[in-house]
Amino acid sequence: MKKAIVCAAKFHVALAIGSACVPGLSFAQSAGTPSVPFPIWTGFYAGVNIGGGWGADARNGNIWRPDGLNGGVTNSLTALGAGGGVSGGGQIGYSYALSPLAVIGAEADLQGTSLLSGSGLSPGYLQNSNGAVSYVPGWLGGGVSIHWFGTARARIGVTPLPTLLLYGTGGFAYAEVENAYGGSLGNQVSAVRTGWTAGGGVEWMFMPNWSVKAEYLYTDVSGDSGAYSGVYGSASNRTRWNTLRTGVNYHFDWGAPPAVARVDAEIASTSLVPKSALSIGVGGNLNLATFEQQNLYWAGTSNNIDRLGRLFGYGFAGWNTGVNLTPQVRLAPIGQINYFNHFEGTNWLWGSKFSYTYLDSKSSRSNVLIPQFGAFNVTLDGQNNNFDREFNFFGTGYLQSYQASINHQLVLTPFIGRAFSNGFLYLGAGPSLSQIQTNLNNLTGFRNSQGAPINQTALPANYQNSHWVWGAAATAGVTYFLTPSWFVDFNYTFSQTRSTTSYYLAWYAAPVPGFDITSIGYTPASTSGALNTQSFNASLNFAFDLNGGSADPN
């Protein structure tokens, strides 16, 4: 007991002799330099990161344009829903250890993104200058895209362990935001907008000069005002989003004190990592499923038949629309099987991981309108073979809800890694297989007759399709061995499916109002799109040693 107390006191008073208390710390010291320890975090660093964003939205979009349908000027009130995408980039920074337990610093980063608002293609409602609100066919509210963003932030943190940094961060943010307005999204404007960001993270120095981190940021940038091409007036927006990312940093000696505390590469004479092992594990993840823009096509045929079975007319109409779905963040269980083997005589290893995740992630969009354009041919003399007049018409398909989900995901990732005394760092990539399901709930077709909507298809139709989709996945992670048999695995995995198309078909029979005629036809539909998932995974694993011994680090 006395020895433990003395040892603990030494650790808090002088980390220079902390190697007697904490295995794994050694101190490089120049000749003639006093034996004054400095924490390992002081100095410049640079690195890269990858992650995802969600909740990208914009509010208060106001567009004024000539209103030929209602007269005067119309104000489009757009409220763009949440969206998401992928982000990646690099960072540079400097940290300074105030004490063995406190670190301050500054960091700047620049990210490229695919963040897109979730309702960029939704039909819009227009508010006239007199205050009346009405739907104008063909008007689309517009969308917001974040092409890139950067931050300049302060960081302040604590080190509960010499190699573990917990920190909060906040500061200045800027981003290139593009807004689109108009039926064809032809009116677009890009501007660099400024604002603020705040968040926090955890960083681990897993070997000399190298650290890995996980970080969350909330970013809010203000909008701008200006006249847009083809639009009278201005638009103002406030865009905000969340980012969750992982990264790796290299720490330079520049700016560090003469005596720098290090994590020794040879923490122990014998590594806990087996030379070759097969492992099984279970755990969970925090995942972000981003449903890339879905394309929905719907059409209908019509054959008008009287009670004697005579054909009095036939027609066809169809069109397509884009459907943006909100990204979903969920917790999910995972299971995995790993195999790894060291290259002979080195700290490098190779292996493969097979994982299963029950995602059960669903995203839906309500009240989707599908414009319909077509033509109808009729006979005026009652002769079935003499269709002497064609009428062009338009209508609308009303879909109560569009739902897409990803239920199961299998990923196989061969990897390359580098071992240290208590674990290994690895990178890998390979194929993925995901089960995706699409539901179209309560789809009804309306035709426009003298300015009034007429139910063309009678009862609503429901469509459903479920299929497995191939894709690709990449992963980066780190393991930590608690014993030679038990270890924990932390990793970030990104998976992208290929774009696929699903086809549907339904039939209808509906009376034609005012006539002793029945309209019979079929309504084909198709949906296409892709999705990606990002997950931060943690699992507990049991390793079966296939070599009967551990690998010694170089």
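Given the structure is predicted, the values throughout are model-derived calculations rather than measurements.

Undergrad: What should I look at first to understand the packing of aromatic side chains in this one?
TA: Geometrically, a pair of aromatic rings is defined through the distance of the ring centres and the angle of the planes. On inspection of all chains with the given rule, the structure shows 25 aromatic pairs. An angle of 45° between the planes, with centres 5.6 Å apart, marks the rings of tryptophan 196 and tyrosine 218 as tilted. With a gap of 22 residues between them, tryptophan 196 in strand β9 (residues 187–207) and tyrosine 218 in strand β10 (residues 210–221) connect regions that are remote in the sequence. What makes tryptophan 196 partly exposed here is its relative accessible area of 42%. Between tryptophan 319 and phenylalanine 373 the ring centres are 5.3 Å apart and the planes differ by 80°, which places this aromatic pair in the edge-to-face class. Placement of the pair is tryptophan 319 in strand β15 (residues 311–323) and phenylalanine 373 in strand β17 (residues 348–378), with a sequence separation of 54 residues. The class for tryptophan 319 is partly exposed, based on a relative accessible area of 44%. What links up through ring pairs into an aromatic cluster is the set Phe340, Phe415, Phe424, Tyr426, Phe481 and Phe487. Looking at arginine 155, its charged tip hangs above the ring of tyrosine 167, at a distance of 4.3 Å from the centre.

Undergrad: When you look at the layout of surface pockets in this model, what are you seeing that I'm missing?
TA: One water molecule sets the probe size; rolling that probe over the atoms shows where empty space is left. As a volume, the second largest pocket reaches approximately 720 Å³. Ser302, Asn304, Phe376, Arg447 and Gln456 are the residues nearest the centre of the second largest pocket, which is lined by 33 residues in total. Contributions of two or more residues to the lining of the second largest pocket are made by β14 (294–306), β15, β17, β18 (389–420), β19 (423–449) and β24 (517–529). In terms of residues, the lining of the second largest pocket owes the most to one element, β14, which gives six residues. Here the lining of the second largest pocket is composed, by residue class, of 15 nonpolar, 17 polar and one charged.

Undergrad: What's the story with empty space enclosed by the protein in this structure? I'm lost.
TA: Applying the stated criterion across every chain, the model contains 10 cavities of 30 Å³ or more. Every residue lining the largest cavity is counted, 21 residues in all, and those nearest its centre are Ser355, Thr357, Thr493, Ser535 and Asn537. Sorting the residues of the lining of the largest cavity by element identifies β13 (276–291), β16 (328–342), β17, β18, β22 (486–497) and β25 (531–545) as the ones contributing at least two each. Here the lining of the largest cavity is composed, by residue class, of four nonpolar, 16 polar and one charged.

Undergrad: Help me understand the pairing of β25, please; the structure alone is not making it clear to me.
TA: Consecutive side chains of a regular strand alternate in pointing toward one face of the sheet and then the other. In terms of strand pairing, β13 meets β25 through 15 bridges, oriented antiparallel. Counterpart to leucine 286 in the pairing with β25 is phenylalanine 536. The sheet contact formed by β22 and β25 spans 11 bridges and is antiparallel. Opposite phenylalanine 494, over in β25, you have glutamine 534 as the bridge partner.

Undergrad: Help me understand unusual backbone geometry in this model?
TA: The bulk of non-glycine residues show a negative phi, and the bulk of peptide bonds are trans. In this structure, asparagine 209 takes a positive phi of about 75° despite not being glycine. In this fold, asparagine 209 is placed in the loop between β9 and β10. Located in the positive-phi region is asparagine 367, a residue other than glycine, with phi close to 55°. Its location among the elements puts asparagine 367 in strand β17. Judged by its relative accessible area of 46%, asparagine 367 is partly exposed.

Cut-offs and rules
- Residues numbered from 1 in each chain as written.
- Predicted model: local features only at pLDDT ≥ 70, side-chain atom pairs only at ≥ 80, totals over all residues.
- Heavy atoms only, no water.
- Phe/Tyr/Trp six-rings, centres within 6.5 Å; stacked < 30°, edge-to-face > 60°.
- Helix = DSSP H or I, 4+ residues; strand = E, 2+ residues; numbered from the N terminus.
- Buried < 20%, exposed > 50% of the residue type's maximum accessible area, 1.4 Å probe, protein only.
- Lys NZ or Arg CZ within 6 Å of the ring centre and 35° of its normal.
- 1 Å grid on protein atoms, 1.4 Å probe; cavity = no way out; pocket = protein on both sides within 12 Å on 5 of 7 lines; lining within 4 Å.
- Points joined across faces, edges and corners; volume = space filled by probe spheres on them.
- Nonpolar A, V, L, I, M, F, W, Y, C, P; charged D, E, K, R; others polar.
- Pairing = 2+ DSSP bridges.

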